[in-house]
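If you want the building blocks of each chain, they are given just below.
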Amino acid sequence: MAKSGKARAHTNIALIKYWGKADEQLILPMNNSLSVSLERFYTETKVTFDETYTEDKLVLNGVEVDDKESAKIRKYMDMVRDKSNTSMFAYIESDNYVPTAAGLASSASAYAALAAACNEALQLNYSKRELSKLARRGSGSASRSIFGGFVEWEKGHDDDSSYSFPIDADNWEDDLAMIFVVINNKSKKVSSRAGMSLTRETSRFYQYWLDYVDEDIANVKTAIAHKDFVGMGEIIEANGLRMHATNLGAQPPFSYLVADSYQAMEIVHQCREAGHPCYFTMDAGPNVKILVEQRHKQYVIEQLESYFGHDKIIASDITRSGVEIIE
């Protein structure tokens, strides 16, 4: 008898970055991280297990994925089968509502939705914490996409102790938004995985990163508790720049940022000088993400559009909704 489950999960952006793995196999990070979940970008995934299937199949946005691209998914499903004591293969239908141009890796929402759909289909009855561990095995940031709003990922030291949990912000998320400046959609010369590994192993600045990231986490959580937007913004901006600085200390040095990345940062500075607080952050790529209060969002969008154009700017509210089962 076929067993099915369908789930929706939103993607997230790290405000305090995860950069470097302590364990590649279990995807255990070198440091805790803290993110915020985005309302506009999400993945919906349906999983059907059946004894008659002879292999796992993945259909992404209506197109069946070939063997090479689906290898990682099949490895993940082997892990799910092992944990759930089943031998059934699965048919996976996944739809990403994440614009690729935004430079947003959909893996966070994709694996969070997949983990929740598997949990539903196989009736594993996992708690949200257990789901975050299961999602983490597919993509580290997926651990955070199990929850909405502000989320912290505890680095842990083994498979059981590395998980995410929500941070109570007294609904402050409703007052915030994130703006994406789409600068470049070309393939990166250095992948996120390769960049993390290279900086951890060779960067002269990497220990400096580790020395301060726990302090950043603590200070951001204090700012969230006091709804201190400026205090939080100053920390997340510095943290993002510090992460990118580790790449410049690697051997060989590399950078994800380009000239327009710095132009977007300059516009953010100009908006602040004009009395419209907003703060930037960048992940492993050139695109710039800007956290802003809702009341200043339109002004910041207009300033960015004046330079980059309307089609290069995408905005999203923050969602307090975590992963959910859908029919």
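Computed from a predicted structure; not experimentally measured. (Residues numbered from 1 in each chain as written. Predicted model: local features only at pLDDT ≥ 70, side-chain atom pairs only at ≥ 80, totals over all residues. Heavy atoms only, no water.)

**What to know about the packing of aromatic side chains**
For any pair of aromatic rings, geometry is given as the distance between the ring centres together with the angle between the planes. Using the criterion set out here, one finds eleven aromatic pairs in the structure. Judged by centre distance (5.1 Å) and plane angle (70 degrees), the ring pair of Y76 and Y111 falls under edge-to-face. With Y76 in helix α1 (residues 67–84) and Y111 in helix α2 (residues 107–121), this pair connects stretches of sequence that are 35 residues apart. Judged on exposure class, the residue Y76 and its partner Y111 are both buried. Among the aromatic side chains, those forming a connected cluster through ring pairs are W19, F254 and Y256. The aromatic ring of Y42 is capped on one face by R8, whose charged end is 5.6 Å from the ring centroid. (Phe/Tyr/Trp six-rings, centres within 6.5 Å; stacked < 30°, edge-to-face > 60°. Helix = DSSP H or I, 4+ residues; strand = E, 2+ residues; numbered from the N terminus. Buried < 20%, exposed > 50% of the residue type's maximum accessible area, 1.4 Å probe, protein only. Lys NZ or Arg CZ within 6 Å of the ring centre and 35° of its normal.)

**Focus on the side chain of N287**
For N287, the position within the fold is in the loop between β11 (278–281) and β12 (288–293). The class for N287 is buried, based on a relative accessible area of 3%. Of note is the side chain of N287, whose polar atom sits 2.6 Å from the backbone nitrogen of I183. (Polar contact = N/O pair within 3.5 Å; in protein donor to acceptor, adjacent residues only side chain to side chain.)

**Some points on the sheet that holds strand β13 (residues 313–317)**
Remark on secondary structure: sheet strands pair via backbone hydrogen bonds, oriented parallel or antiparallel. Judged by pairing direction, the sheet is antiparallel, and its four strands sit side by side in the order β11-β12-β10-β13 without closing on themselves. The open sheet has two edge strands with one neighbour each: β11 and β13. Adjacent strand axes in the sheet meet at a mean angle of 25 degrees, parallel and antiparallel pairs treated alike. Looking at chain direction, β11 and β12 are connected through four bridges and run antiparallel. Looking across to β12, one finds that F280 is bridged to I290. Sheet strands touched by helix α7 (residues 259–273): β10 (176–181), β11 and β12. Its angle to β11, the strand with the most contacts, is close to 160 degrees. (Pairing = 2+ DSSP bridges. Axes fitted to C-alpha atoms, helices over the stretch in contact; angles between N-to-C directions. Contact = heavy atoms within 4.5 Å.)

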